[in-house]
Every structure is written in C-alpha cells, then in structure tokens.
Amino acid sequence: MPSHQLEYEILGASAQSVEIILDPGETVIAEAGAMNYMTDGVRFETRMGDGSSSGLLGKLWSVGKRMLTGESLFMTHFSNAGKSQARVAFAAPYPGTVVPIDLAKIGGRLICQKDAFLCAAHGTRIGISFAKRLGAGFFGGEGFILQKLEGDGLAFVHAGGTVIRKELNNETLRLDTGCLVAFSSGIDYDIALAGGLKSMLFGGEGILLTTLKGTGTVWIQSLPFSRLAERVYAATVQAREEVRAGGK
C-alpha cells in the first residue's frame, strides 16, 4: 500500500517536535502518547499495530512483534476528516532532535532503535529486526532488538542531543550501542563484545559495541536517554548519601 504523502515542519531547537500538515483524507500513525496537539478536523483512533494488515492473524502478528520491542500494543492513527488542511504535532518524552527520513530515498527500509520511532505516514509497515549474534542478547543492553520501518513515505525518528549523519561507502563504523539511532538499507549490523575483560570492566564504554559495515546512511545521537538517565540516577544517589552523611 503506497504511503500517504505528508508535509511537515520541525519546531524548536534543543527539544524539538514535528508538526504534520494533513490534507483532507491523509493519515499519520504514531506511538501512543506522542501527540502534543491537533487542530480542528483531526480525528484519532487507537488500533492494533500500524494498520498495514487487515486480517486478524496479520494484526495479531503485528501486535506480537511490538511486544518483543517493549512498545505499546497499540498505535494511534490521526486522520484529517475535514475539508481543509489540518495539523497535528508529536514529540518524544525527553529533549532531543526529530529526524525526518524519506524512506523512498533510502531504499524503502530503515532500521532504528526500538525507542526512536516517533511517527510515520500511513502505509508504513513497522516490524522488528534482530542482531545477528543472538549470544549478545544475553548481555542485555540496547540494540539487540530493533524496529524495522518499511514503505515509500516519510518517517520521523527521535534522537537525544545532537544528530550526526554518516555516509558509509563500503566502510566499517563502530560505536556505542546506545548512540545508534538508525541506518538505511545496505548496512550490515552486528553487536559484539567490546574487547578484553579489562576493557569491558574498567573502560567505561560498556561491554557491547555496535559494528556497521557496508554502503548507506547512519544516524548517530550524541546523548542517548539511557546515558542521561544513568548520570541523573548516579547524581541523585550521591546527593542522598551526602544529605545522610551531613545529618549524622
């Protein structure tokens, strides 16, 4: 099914949102809870999956895939039921950058971190992708299960901090697993142990690294939410310990 052709406007700088401009009859799908506001004429409906499957078995399979990623079983469909243009805006639950990606220009497929997807044109299929080395999954961390977006329309993903876009030409790129946002067709993806035991325990870079090989586009985030959350948690624990020590 061809995707709806959307217009959009990115709002803000360090904490961005995206405003989708819907012509009459157009629909955008989004993660539950991502909507900020909508103008008159927009109607929304919560459905199982992305709406690309019409049969019961297809819907159940779509829901099963979303359960594996840890996302909500449902997605929200926002449609313009009016006779003139309408707008609906979306944002992630933490500060960062919204990245618009035209799937038709990157081979019709995008692989992204499971919490990166924000919204997309109706007709976009949302599935899952696994790291090749299943053994890496036993070590936990991000990147073992990824989301796969397929279609020919616009998709919007969210990244923490600054977004760096890298173009690989039969090259290899290694990065912290949490810093990966998304990559296009033509890129081979794998997760591996970072190195020797000493490096993994005392290097401060985690025990897993992502390796990307091939020709295509890679989007990287400078501040993954997991890294921010770890720093906030550590600072909170330290502050509590200092308060307790001062009260003795």
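You'll find the structure just up there.
Rules and cut-offs
- Residues numbered from 1 in each chain as written.
- Predicted model: local features only at pLDDT ≥ 70, side-chain atom pairs only at ≥ 80, totals over all residues.
- Heavy atoms only, no water.
- Salt bridge = Lys/Arg side-chain N within 4 Å of Asp/Glu carboxyl O.
- Helix = DSSP H or I, 4+ residues; strand = E, 2+ residues; numbered from the N terminus.
- Buried < 20%, exposed > 50% of the residue type's maximum accessible area, 1.4 Å probe, protein only.
- Pairing = 2+ DSSP bridges.
- Axes fitted to C-alpha atoms, helices over the stretch in contact; angles between N-to-C directions.

(A) Quick peek at the pattern of salt bridges. The final tally for this structure, using the stated rule, is four salt bridges. Among the salt bridges present, the one from Arg87 reaches Glu9, with a minimum N-O distance of 3.7 Å. Taken together, the residues Arg87 in strand β7 (residues 86-90) and Glu9 in strand β1 (residues 7-11) connect sequence positions 78 residues apart. We classify Glu9 as partly exposed; its relative accessible area is 39%. When the shortest N-O distance is used, the salt bridge between Arg87 and Glu19 registers 2.5 Å.

(B) View of the sheet that holds strand β6 (residues 74-80). The strand order across the open sheet built from six strands is β5-β6-β3-β10-β13-β8, with neighbouring strands paired in antiparallel fashion. The outermost strands of the open sheet, each flanked by one partner alone, are β5 (42-48) and β8 (97-102). Direction aside, the axes of adjacent strands within the sheet are offset by 20° on average. Note: β8 against strand β13 (residues 154-159), six bridges, orientation antiparallel. Considered in β13, the bridge of Ile101 is made with Ala155.

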